[in-house]
Structures are given as C-alpha cells and as structure tokens.
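# Chain and residue survey
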Amino acid sequence: DAGVIQSPRHEVTEMGQEVTLRCKPISGHNSLFWYRQTMMRGLELLIYFNNNVPIDDSGMPEDRFSAKMPNASFSTLKIQPSEPRDSAVYFCASSLEQWRTGELFFGEGSRLTVL
Amino acid sequence: AQKVTQAQTEISVVEKEDVTLDCVYETRDTTYYLFWYKQPPSGELVFLIRRNSFDEQNEISGRYSWNFQKSTSSFNFTITASQVVDSAVYFCALSSNTGANSKLTFGKGITLSVRP
C-alpha cells in the first residue's frame, strides 16, 4: 500500500520566491496534518484538515503561509514570499479518525532551504 | 494546554546496553492518548505505540517496553539490549480526546545513538 506521498523531497529557493509543497494522503484517511520540524522548535503542527475542511490553523506562523485541500487526495502548503527562517523539514501526515486513535502516518518530508 | 517534556536531548550507549527514554506530560483532560514515534536517519516518522489514559498496564513488544504511570504523568520507553539499528530520534506525543479538534503535541525528541 502506498503511504503518504510528499513532493518535492528537497527544495532550495531564494528568499522572496514562492514555495509550494504537495501531499497525497493515504487513500481513505479523512484527516490530514502539516507539521514543520526545526532543530530549535521541534515538531510543530501548522494546520489540520478533517474531511477536507481546515479545522485548526492556529499553528500557521503568519499570512505568508497558506494551505489548501481541494479534495480528499491532495493538499498543498504554500509559502509566499519565502524567508530564510522558513527553512525546515515539512511533514504531511494523514490519519483515520485521528481524534480516536491519534495514530498518524507520516510522509518522508520535504526539506526546504531558503537562501 | 498540553505539554510534553523530554528532558533528555541526546543519549549514547554501547550496543547491548539497556536504555530508558523519559517522557513527562501535562494535560487537563481526563481522557487522552500517549504515543511514541521513531524518526530514523532516513527522516520519516514511524508510529511505535499508543496508550490511552485509562490503561496503565505496561506493554512489552520484543525488545521495547513502555511504563505508563499516571501518578507521575510519565510514559517512559525502554529498549532492552539495544542495537545499532535503534539509533534514531524518539518522540513522545500526547493527544486529548476532545473531538475533531484534538491535536497531537510532540516533545522535542531524544536522539539515541547506539555504538557498536
């Protein structure tokens, strides 16, 4: 079975450029999460979708960040304009009934470097 | 507010040693779940175990064991006879059962290095 698929795996861009990260959750999962991992702050939840609807975006750092989930099989996280402090590994995770089980299935992450 | 504290940041052991990774949590909820995830050098996060707040039985799975104690708000993870392949970052996490808005809060992680 295919797991959570993220693209790109690595992205190097210059400050001010737009970055779009993509995620395909596991088929049938109804919850999708975007996390950011840095050395300083560890794993932070950015946004959480349930049945394609954003439930909690309180972790999105600022207006430069936006996330969409147009259908059950695809989500994007966009940063515009990007800044060096956005450099991190961004993980997408999906789950079936997260609030009951809490078992998340993570993708391999997208490593973003903003120069 | 939920909080997970992993006071140890890095642990280094020699192969075959036992090692315990500590986790202390804070929550006001009476129903919650605790987790351990493993992040090997390849980067992906792998689910290891989930416990709910009503089940304080310790669990053993091969060389892994978990000790859940509500009295001290701790959920510690022990690896017996460690192996080089156990080298990874280990995260403890907490989720409360408060409906669809439940979040999974992670600790900062513990980097375990197992030397041959």
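### Observations regarding the pattern of salt bridges
- Taken as a whole, this structure holds 13 salt bridges over all chains when the rule is applied.
- For Glu83 of chain A, the salt bridge identified is with Arg64 of chain A, shortest N-O distance 3.5 Å. Placement of the pair is Glu83 of chain A in the loop between strand S8 (74-79) and strand S9 (88-95) and Arg64 of chain A in the loop between strand S6 (53-56) and strand S7 (65-71), with a sequence separation of 19 residues.
- In this structure Glu83 of chain A comes out as partly exposed when scored by relative accessible area, which is 23%.
- Relative accessible area serves as the criterion here: at 10%, Arg64 of chain A is assigned to the buried category.
- Across the pair Glu103 of chain A and Arg50 of chain B runs a salt bridge, and its minimum N-O distance is 3.7 Å. With Glu103 of chain A in the loop between helix H1 (98-101) and strand S10 (105-106) and Arg50 of chain B in strand S6 (residues 46-52), this residue pair bridges two chains.
- Connected through shared salt-bridge partners, Glu62, Arg64, Glu83, Arg85 and Asp86 of chain A make up one network.

### A few points about the layout of surface pockets
- Taken as a whole, the largest pocket spans an internal volume of roughly 720 Å³.
- In terms of lining residues, the largest pocket is bounded by 32 residues, among which Gln37 and Met39 of chain A together with Gln39, Val89 and Phe91 of chain B are the most central.
- Examining the composition of the lining of the largest pocket, we find that four residues originate from one element, strand S11 (residues 110-114) of chain A, more than from any other.
- Across the lining of the largest pocket, the residue classes break down as eleven nonpolar, 16 polar and five charged.
- What lines the second largest pocket is Tyr35, Arg41, Leu43 and Glu44 of chain A together with Gln2, Lys3, Val4, Leu104, Thr105, Phe106, Gly107 and Lys108 of chain B.
- Elements with a contribution of two residues or more to the lining of the second largest pocket: strand S5 (42-50) of chain A together with strand S1 (3-5) and strand S11 (104-106) of chain B.
- With three residues, S11 of chain B is the largest single contributor of residues to the lining of the second largest pocket.
- Each residue belonging to the lining of the second largest pocket can be placed in one class, and the counts come to five nonpolar, three polar and four charged.

### Comments concerning the sheet that holds strand S1 (residues 5-7) of chain A
Residue and element names in this part refer to chain A.
- What the four strands build is an open sheet, ordered S1-S3-S8-S7; its pairing is antiparallel. Each edge of the sheet is formed by a strand with only one pairing partner; in this case those strands are S1 and S7. Mean inter-strand twist for the sheet, computed between neighbouring axes without regard to direction, equals 15 degrees.
- Pairing between S7 and S8: five bridges, direction antiparallel. In the strand pairing of S8, Ala67 is matched with Leu77.

### Comments concerning the state of the cysteines
- Under the defined criterion, the tally for this structure stands at two disulfides over all chains.
- Paired by a disulfide, Cys23 of chain A and Cys92 of chain A hold their sulfur atoms 1.9 Å apart. Taking the sign of the S-S torsion, -65 degrees for the link of Cys23 of chain A and Cys92 of chain A, the bridge is left-handed. Of this pair, Cys23 of chain A sits in strand S3 (residues 19-24) while Cys92 of chain A sits in strand S9, and the two are 69 residues apart along the sequence. There is no split in this pair, since Cys23 of chain A and Cys92 of chain A are both buried.
- Each sulfur in the disulfide pair Cys23 of chain B and Cys92 of chain B lies 1.9 Å from the other.

### Considering the packing of aromatic side chains
All names here are of chain B.
- Summed over the entire model, instances satisfying the criterion amount to 20 aromatic pairs over all chains.
- For the ring pair Phe35 and Tyr37, a centre distance of 6.4 Å and an interplane angle of 40 degrees mean the geometry is tilted. Across this residue pair, the class does not change: Phe35 and Tyr37 are buried.
- For the pair Trp36 and Phe77, a centre-to-centre distance of 5.3 Å together with 50 degrees between the ring planes defines the contact as tilted. With Trp36 in strand S5 (residues 32-39) and Phe77 in strand S9 (residues 74-79), this residue pair connects regions lying 41 residues apart in the sequence.

### Points about unusual backbone geometry
- Cis geometry marks the peptide bond from Ser7 of chain A to Pro8 of chain A, where omega comes out at -10 degrees.
- Tracing the chain through its elements places Pro8 of chain A in the loop between S1 and strand S2 (10-13).
- The residue after Gln80 of chain A, namely Pro81 of chain A, is reached through a cis peptide bond having omega -5 degrees.
- You can see Pro81 of chain A is positioned in the loop between S8 and S9.
- A positive phi angle is found at Asn51 of chain A, which is not glycine, with a value near 50 degrees.
- Structurally, the position occupied by Asn51 of chain A is in the loop between S5 and S6.
- Under the relative-accessibility criterion, Asn51 of chain A is labelled partly exposed at 48%.
- Unlike most non-glycine residues, Ala81 of chain B shows phi in positive territory, near 50 degrees.
- One can find Ala81 of chain B in the loop between S9 and strand S10 (88-96).
- Residue class for Ala81 of chain B comes out partly exposed when judged on its relative accessible area of 30%.

About the cut-offs
- Residues numbered from 1 in each chain as written.
- Chains lettered and ligands numbered in written order.
- Predicted model: local features only at pLDDT ≥ 70, side-chain atom pairs only at ≥ 80, totals over all residues.
- Heavy atoms only, no water.
- Salt bridge = Lys/Arg side-chain N within 4 Å of Asp/Glu carboxyl O.
- Helix = DSSP H or I, 4+ residues; strand = E, 2+ residues; numbered from the N terminus.
- Buried < 20%, exposed > 50% of the residue type's maximum accessible area, 1.4 Å probe, protein only.
- 1 Å grid on protein atoms, 1.4 Å probe; cavity = no way out; pocket = protein on both sides within 12 Å on 5 of 7 lines; lining within 4 Å.
- Points joined across faces, edges and corners; volume = space filled by probe spheres on them.
- Nonpolar A, V, L, I, M, F, W, Y, C, P; charged D, E, K, R; others polar.
- Pairing = 2+ DSSP bridges.
- Axes fitted to C-alpha atoms, helices over the stretch in contact; angles between N-to-C directions.
- Disulfide = S-S within 2.5 Å.
- Phe/Tyr/Trp six-rings, centres within 6.5 Å; stacked < 30°, edge-to-face > 60°.

So, to be careful, I would describe these as geometric facts and stop short of saying anything about function.
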